[in-house]
Structures are given as C-alpha cells and as structure tokens.
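# Tertiary structure, described
Here are the chains, one letter per residue:
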Amino acid sequence: MLSPADQQESRTTISRTAPQAAAYAVKATTRALTDFAKKKPLGAIGGVVFLIMLLLIPIGPAVAPFDPYSPHGKFKYAGPGAVCNSETACRENIGKTFWLGADQLGRDTLSRLLHGAKTSIRVAVISVLVGVTAGALIGMASAYFGGIIDLVVQRLLDTLMSIPVIILALAIVAAFGASITNVILALIVIFITGSGRVIRAQAMSVRETDYVLAATAVGAGPVRIILRHIAPNCAAPYIVFATANIGYAIVVEAALSFLGVGPPPDDPTWGGMLSVAGNNFIEVSPWLLLFPGLVICMAVFSVNLLGDALRDVLDPRLRGTS
C-alpha cells in the first residue's frame, strides 16, 4: 500500500501528465488534419463547406433576417436586394433587405434557406447514420454466420435493391403519409440495402483472418467477435459509404419534395423550395429556383469531395495513389 507521500506524488504526476496528454491529442489531431488537407485539398475544402452547412442547423434560424413563415404581400416575387422600407408591408423588419429575393407570398428566400438547412441536413445525417449503421450490422452478422442466414438476408436485400430507389421511397411515403419522419424512414430502408452489401463484402474477408479464428477457438461469442474484431476492420468502408451518401440523401429528399410527397409544403426545405419554384414560378421569378438549386449542389458536391478523399486515405488499396 502506498504511503501518503507516495499517494500525493502520484496525484501530482497525474495532474501534470493529464494536460500534457490533452495537448498531445490536440497536436496530433491538428497534424493529421493538416496532412489530410495537404494530401487531399479538394476533400478538405469539401469538409469545410459541409461543416459550415452543419453549423447552419443551430445558427441559421438565429441569423435569419426574417421569419420564414411570414408573408409580405407588397414584396411578392421581389428580386434579390429589395429593401423592406414599408411599415405596412414589413412591420418590425423595416430596413432589412431581401438579399436573395422573396417568393410568391413575399417570404424571404434567404431566411427559408437558413431554416431549411435544419430540416434538409438533419434528414440526410439522421437517415445516413441510422441506415448505414443498421445495414453494416446486418452485413457483418450475415457474413459471420453464413449459411442459411446469409442466404436469406442477401436475398431480402437483393429484392429491395431490385426496386428503383425513387419508387421504393414513394411507396413508403405514400403508405405512411407525407412527413419528415416518413422521409427519413424511406431513406433508412434505402441505405440499409446498399450498406449491407458493401460491409458484408469486407466482413467476409475479415472473417477468415487468424485473429478472428483465434477468438472463435478460445470461445468468444458472436457478438464480441463482430463488435470487437470485425467491426473495426469495416470502419473504412463504413465511413466512406456514409459520407458519400449524405449528399445522395439530400438529393432524394429534394426529389420527394419535388414530387409532392415530402414534408408539408409550408415547411422550409431545400427540396420543397425547389419544387414550388420549378413547378410554378420559374418564368416569373427564376431566382427562386436558382438559389435552392445552388445550395443543394454545394452540399452534394462538398460531401462527395470529402467522401472521395476519405476513400483514398482510408482504403489500403488506394494509399499512395494520386
């Protein structure tokens, strides 16, 4: 047993080394990010752009100049840069500017885009995280157990993959109703099928490695083997598949909104704004189509750049390639 003096010295040593460990972790993380930015500058740019869009979820509604639901009758189809200078038309927002114009009801386009980030990006991130994670677990379990379990699971995934994505999403949303929750549910089903096949292929090779066979020989259970030995070796394709499909989720949500089966029309979403403008007001107010389309393109392009860069860095077969 340690003496009081030794215990005090031990506590002093821990208090000294804890800040050093934290500083080392920060330094290592900074070095890794710097190396990533040097090797994959386009991927780093894509990551920064998408990070800014993620920050819009909590910050966007606070910095929006107008209430996204409030109409301003005298500013219907107002062009970018129109100034709110009428008390009867703008009430408490006198002096503010419609930087990106206003829609058919006089609602500020910029404010609706900022509020729409909360819905569109949330739908994409939640659906990808839940869908890809569930698909990865199904794929790893299917690969590990093999036999009849693998056969049944893969045939079910093949059946779902044989249905066109939009048709499958339309069927799910039409069956349960148009809402954000049901759009997320439809996207989750879509991502389970794709990630299940991708992760299974990686898990099949990992299953035959010596350390998995050794863990099986000493009596480790299936859950421990899958989570402790197989899952870490499937992390690279998991991360790549998830980042590559966040942009795809945004596009599918926009497509469902464009077809009228997404969130309610009054909710500000990027896809919904694009749908209303594209269907009815493109000739009268083309900027209503331009700005939501640009935001969606930026989100998809940035995530695709990040996903491609992560694939090149994390996939051992591609390391060292340009």
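A brief look at the structure comes next. Quick caveat: nothing in here was measured; it's all calculated off a predicted structure.

### So, the overall build of the protein chain
- Each helix and strand counted, the protein chain has 12 helices and 2 strands in total.
- Of all 322 residues assigned to the protein chain, the portion counted as buried reaches 41%.
- Contacts in the protein chain between residues far apart in sequence, at least 24 positions, make up 69% of those at least 6 positions apart.
- Summed over its atoms, the accessible surface of the protein chain is roughly 16900 Å², and 68% of this surface lies on carbon and sulfur atoms.

### Comments concerning the packing of aromatic side chains
- Counted by the stated rule, this structure contains 4 aromatic pairs.
- When the ring of F66 is compared with that of F98, the centres are 4.5 Å apart and the planes differ by 10°; the resulting orientation is stacked. A residue pair is termed long-range when its members are at least 10 positions apart, and F66 in the loop between helix 2 (41–63) and strand 1 (82–83) and F98 in strand 2 (residues 97–98) qualify at 32 residues. Grouping residues by exposure puts F66 and F98 together as buried.
- With 5.2 Å between their ring centres and 80° between their planes, Y144 and F145 make a pair best called edge-to-face.
- Aromatic ring contacts, followed pair by pair, group F66, F75 and F98 into a single cluster.

### Digging into the environment of C234
- By the element assignment, C234 lies in the loop between helix 9 (222–233) and helix 10 (235–258).
- Taking C-alpha positions, C234 is 6.3 Å from Q202, a pair spaced 32 residues apart along the chain.

### Observations concerning the packing of helix 10 against helix 12 (residues 287–314)
- The interhelical angle for the contact between helix 10 and helix 12, taken along N-to-C directions, is 165°, at an axis separation of 8 Å. By the angle class used here, helix 10 and helix 12 are roughly antiparallel. As for the relative orientation of helix 10 and helix 12, their crossing is left-handed in sense. Where helix 10 approaches helix 12, its residues A236, I239, V240, T243, A244, I246, G247, I250, V251 and A254 are matched on the opposing element by I296, A299, V300, V303, N304, G307, L310, R311 and L314.

### Some points on a nonpolar patch on the surface
- On the surface, F145, I148, I149, L151, V152 and L156 cluster together into a nonpolar patch covering about 570 Å² of accessible area.
- Looking at which element gives the most residues to the nonpolar patch, the answer is helix 5 (residues 147–161), with 5 residues.
- Relative accessible area serves as the criterion here: at 44%, L151 is assigned to the partly exposed category.

### Re the side chain of T119
- Following the sequence through the fold, T119 ends up in helix 4 (residues 109–145).
- Apart from the residues lying within four places of it in its own chain, the contact partners of T119 are I180, P268 and T269.

### Notes on the pattern of salt bridges
- The tally for this structure, following the rule as stated, stands at 7 salt bridges.
- A salt bridge links R200 to D150; its shortest N-O distance comes to 2.8 Å. Placement of the pair is R200 in helix 7 (residues 180–207) and D150 in helix 5, with a sequence separation of 50 residues.
- Residues R207 and E208 are paired through a salt bridge, measuring 3.0 Å at the closest nitrogen-oxygen approach.
- Owing to a relative accessible area of 48%, E208 belongs among the partly exposed residues under this scheme.
- Within this structure, D103, R107 and R112 form a network of salt bridges that share partners.

### Quick look at the environment of V295
- Note that V295 resides in helix 12.
- Of the residues examined, V295 reaches a relative accessible area of 18% and is grouped as buried.
- In the structure, V295 is positioned 182 residues away from L113 in sequence and 8.3 Å away in space, judged by C-alpha atoms.
- Those residues in contact with V295 that lie beyond four places of it in its chain are M53, L113 and W270.

### Brief notes about the side chain of R112
- The residue R112 is located in helix 4 in this model.
- Judged by relative accessible area, which is 4%, R112 ranks as buried.
- At 2.8 Å, the side chain of R112 and the backbone oxygen of P68 are in polar contact.

### A few points about the nonpolar core
- One finds L113, V128, L187, L256, W270 and I296 to be the most contacted residues of the largest nonpolar core, which totals 42 residues.
- Counting residues per element, the ones that place at least two in this core are helix 2, helix 4, helix 6 (165–176), helix 7, helix 10, helix 11 (270–281) and helix 12.
- The element that contributes the greatest number of residues to this core is helix 7, accounting for 9 residues.
- The contacts of W270, once residues within four sequence positions are left out, are M53, L113, G116, A117, S120, I121, I250, P292, V295, I296 and A299.

### Details of unusual backbone geometry
- We note that Y77 has phi near 60°; this positive angle belongs to a residue other than glycine.
- If you trace the backbone, Y77 turns up in the loop between helix 2 and strand 1.

### Here's the deal with the environment of A171
- With respect to the secondary-structure elements, A171 resides in helix 6.
- Judged by relative accessible area, which is 45%, A171 ranks as partly exposed.
- Sequence separation of A171 and V261 is 90 residues, and the distance between their C-alpha atoms is 10.0 Å.

Reading the values: the criteria
Residues numbered from 1 in each chain as written. Predicted model: local features only at pLDDT ≥ 70, side-chain atom pairs only at ≥ 80, totals over all residues. Heavy atoms only, no water. Helix = DSSP H or I, 4+ residues; strand = E, 2+ residues; numbered from the N terminus. Buried < 20%, exposed > 50% of the residue type's maximum accessible area, 1.4 Å probe, protein only. Contact = heavy atoms within 4.5 Å. Areas by Shrake-Rupley, 256 points an atom, 1.4 Å probe, with all protein chains shown as cover. Phe/Tyr/Trp six-rings, centres within 6.5 Å; stacked < 30°, edge-to-face > 60°. Axes fitted to C-alpha atoms, helices over the stretch in contact; angles between N-to-C directions. Parallel < 35°, antiparallel > 145°, perpendicular 65-115°, else oblique. Left-handed = near helix turned anticlockwise from the far one by under 90°. Patch = residues over 30% accessible without salt bridge, like charges linked within 9 Å, V, L, I, M, F, W, Y side chains within 5 Å. Salt bridge = Lys/Arg side-chain N within 4 Å of Asp/Glu carboxyl O. Polar contact = N/O pair within 3.5 Å; in protein donor to acceptor, adjacent residues only side chain to side chain. Core = buried A, V, L, I, M, F, W, Y, C linked by side-chain atoms within 4.5 Å.

Read these as geometric descriptors, not functional statements.
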